[in-house]
Amino acid sequence: KAGVTQTPRYLIKTRGQQVTLSCSPISGHRSVSWYQQTPGQGLQFLFEYFSETQRNKGNFPGRFSGRQFSNSRSEMNVSTLELGDSALYLCASSLMGGSGNTIYFGEGSWLTVV
Amino acid sequence: QQQVKQSPQSLIVQKGGISIINCAYENTAFDYFPWYQQFPGKGPALLIAIRPDVSEKKEGRFTISFNKSAKQFSLHIMDSQPGDSATYFCAASIRTGTYKYIFGTGTRLKVLA
């Protein structure tokens, strides 16, 4: 069974640009969540989608947005990039979401903003 | 109240020794506590998890100890090996009508050969 797939793996963007990251969950998983990982802040929850609906959102500015498609694939978008947005963005999928449901991470998309 | 505090930030252990990583939480609504292991360039992978109705869970060389009254839980790696060198994250999950995981800040473990 294929794992969580994230694309692109690496990208470099300029301040002010926008970026879209893609995530394909494990087949059959309906919940997709996104995390930002930085050396100083660890793993920070961005948002979670289930059946195309955002169910939960972390404390990030509105420049960070996401969506989920009918096939459970998800995208996240960051507009007006800032230097501080440089991070590893991790997508995780889960069968149904909910406490106790294991989340499985992809290998992440490394974003560098210059 | 939503934080999970993890310590130490980094840890160096001799091969064969015991690695111990601690986490503490405040919110008693947390009801699922997993540990994730992350190697460089990879996403975190579930290592072992525990629920608050159990005080200890062991899987191979990895053990979670859970102290509900103290609101603390810890990961013990017995007979630590160089291949265990990775970053470890504790986490807590809360069901708030939806769900989300709160992660600790991570512990970078280095096991010396």
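Residues numbered from 1 in each chain as written. Chains lettered and ligands numbered in written order. Predicted model: local features only at pLDDT ≥ 70, side-chain atom pairs only at ≥ 80, totals over all residues. Heavy atoms only, no water.

### Points about the sheet that holds strand S3 (residues 19–25) of chain B
All names here are of chain B.
In step 1: Taking strand neighbours across the sheet as the criterion, the 5 strands line up as S1-S3-S8-S7-S6 in an open arrangement whose pairing is antiparallel. Two strands close off the open sheet at either side, each with one partner strand: strand S1 (4–7) and strand S6 (56–59). Strand-to-strand, the axes of this sheet are offset by a mean angle of 15 degrees, without reference to chain direction.
In step 2: Alignment of strand S7 (residues 62–67) against strand S8 (residues 72–77), held across 6 bridges, turns out to be antiparallel. (Pairing = 2+ DSSP bridges. Helix = DSSP H or I, 4+ residues; strand = E, 2+ residues; numbered from the N terminus. Axes fitted to C-alpha atoms, helices over the stretch in contact; angles between N-to-C directions.)

### Some remarks on the pairing of strand S11 (residues 109–113) of chain A
Successive residues of a regular strand alternate their side chains across the two faces of the sheet.
Residues and elements named next belong to chain A.
In step 1: Burial of S11 is one-sided: the residues Ser109, Leu111 and Val113 facing one way are buried, the residues Trp110 and Thr112 facing the other way are not.
In step 2: Sheet topology places strand S2 (residues 10–13) next to S11; 4 bridges connect them, and they run parallel. Across the sheet, residue Ile12 finds its bridge partner in S11, namely Thr112.
In step 3: Examined bridge by bridge, strand S9 (residues 87–94) and S11 share 3 bridges and lie antiparallel to one another. Within S11, the residue paired with Ala87 across the bridge is Leu111. (Buried < 20%, exposed > 50% of the residue type's maximum accessible area, 1.4 Å probe, protein only.)

### Points about the pattern of salt bridges
In step 1: In total, this model carries 10 salt bridges over all chains according to the counting rule given.
In step 2: Two residues, Arg55 of chain A and Glu48 of chain A, come together in a salt bridge whose shortest N-O distance is 2.8 Å.
In step 3: For Arg55 of chain A, a relative accessible area of 24% corresponds to the partly exposed category.
In step 4: Take Glu48 of chain A: its relative accessible area is 0%, and that puts it in the buried class.
In step 5: Ionic pairing is found between Glu26 of chain B and Lys71 of chain B, a salt bridge with its closest N-O pair at 3.8 Å. Taken together, the positions of Glu26 of chain B in the loop between S3 and strand S4 (33–38) and Lys71 of chain B in the loop between S7 and S8 put the pair 45 residues apart, joining distant regions of the chain. (Salt bridge = Lys/Arg side-chain N within 4 Å of Asp/Glu carboxyl O.)

### Quick look at the interface of chain B and chain A
In step 1: Contacts between chain B and chain A engage 20 residues on the former and 24 residues on the latter.
In step 2: Between chain B and chain A lies a buried interface of about 1900 Å² when both sides are counted; carbon and sulfur atoms form 53% of it.
In step 3: At the junction of chain B and chain A, the tally comes to 1 salt bridge.
In step 4: In this structure, the salt-bridge partner of Glu107 of chain A is Lys42 of chain B, at a minimum N-O distance of 2.9 Å.
In step 5: Linking chain B with chain A are 3 residue pairs in polar contact (both at pLDDT 80 or more), by the criterion used here.
In step 6: It is strand S10 (residues 100–103) of chain B that provides the largest number of residues to the side of chain B that touches chain A, a total of 3 residues.
In step 7: Within the side of chain B that touches chain A, the residues separate by chemical class into 8 nonpolar, 7 polar and 5 charged. (Contact = heavy atoms within 4.5 Å. Buried area = accessible area lost by both parts, 1.4 Å probe. Polar contact = N/O pair within 3.5 Å; in protein donor to acceptor, adjacent residues only side chain to side chain. Nonpolar A, V, L, I, M, F, W, Y, C, P; charged D, E, K, R; others polar.)

### Here we look at the state of the cysteines
In step 1: Under the criterion given, the structure shown has 2 disulfides over all chains.
In step 2: The disulfide bridge from Cys23 of chain A ends at Cys91 of chain A, spanning 1.8 Å between sulfur atoms. Around the S-S axis, the bridge from Cys23 of chain A to Cys91 of chain A shows a dihedral of about -60 degrees and counts as left-handed. Of this pair, Cys23 of chain A sits in strand S3 (residues 19–24) while Cys91 of chain A sits in strand S9, and the two are 68 residues apart along the sequence.
In step 3: Here Cys23 of chain B pairs with Cys90 of chain B through a disulfide, and the sulfurs are 1.9 Å apart. An S-S torsion of about -95 degrees defines the bridge between Cys23 of chain B and Cys90 of chain B as left-handed. One end of the pair, Cys23 of chain B, is in strand S3; the other, Cys90 of chain B, is in strand S9 (residues 86–94), and 67 residues separate them in sequence. (Disulfide = S-S within 2.5 Å.)

### Quick look at the environment of Ile64 of chain B
All names here are of chain B.
In step 1: Summarising the element assignment, Ile64 is placed in strand S7.
In step 2: Sequence-wise, Ile64 and Tyr36 are 28 residues apart; in three dimensions their C-alpha atoms are separated by 12 Å.
In step 3: With residues near it in sequence (within four places) discarded, Ile64 still touches Phe33, Trp35, Ile48, Ala49, Ile50, Ser55, Glu56, Lys57 and Ser74.

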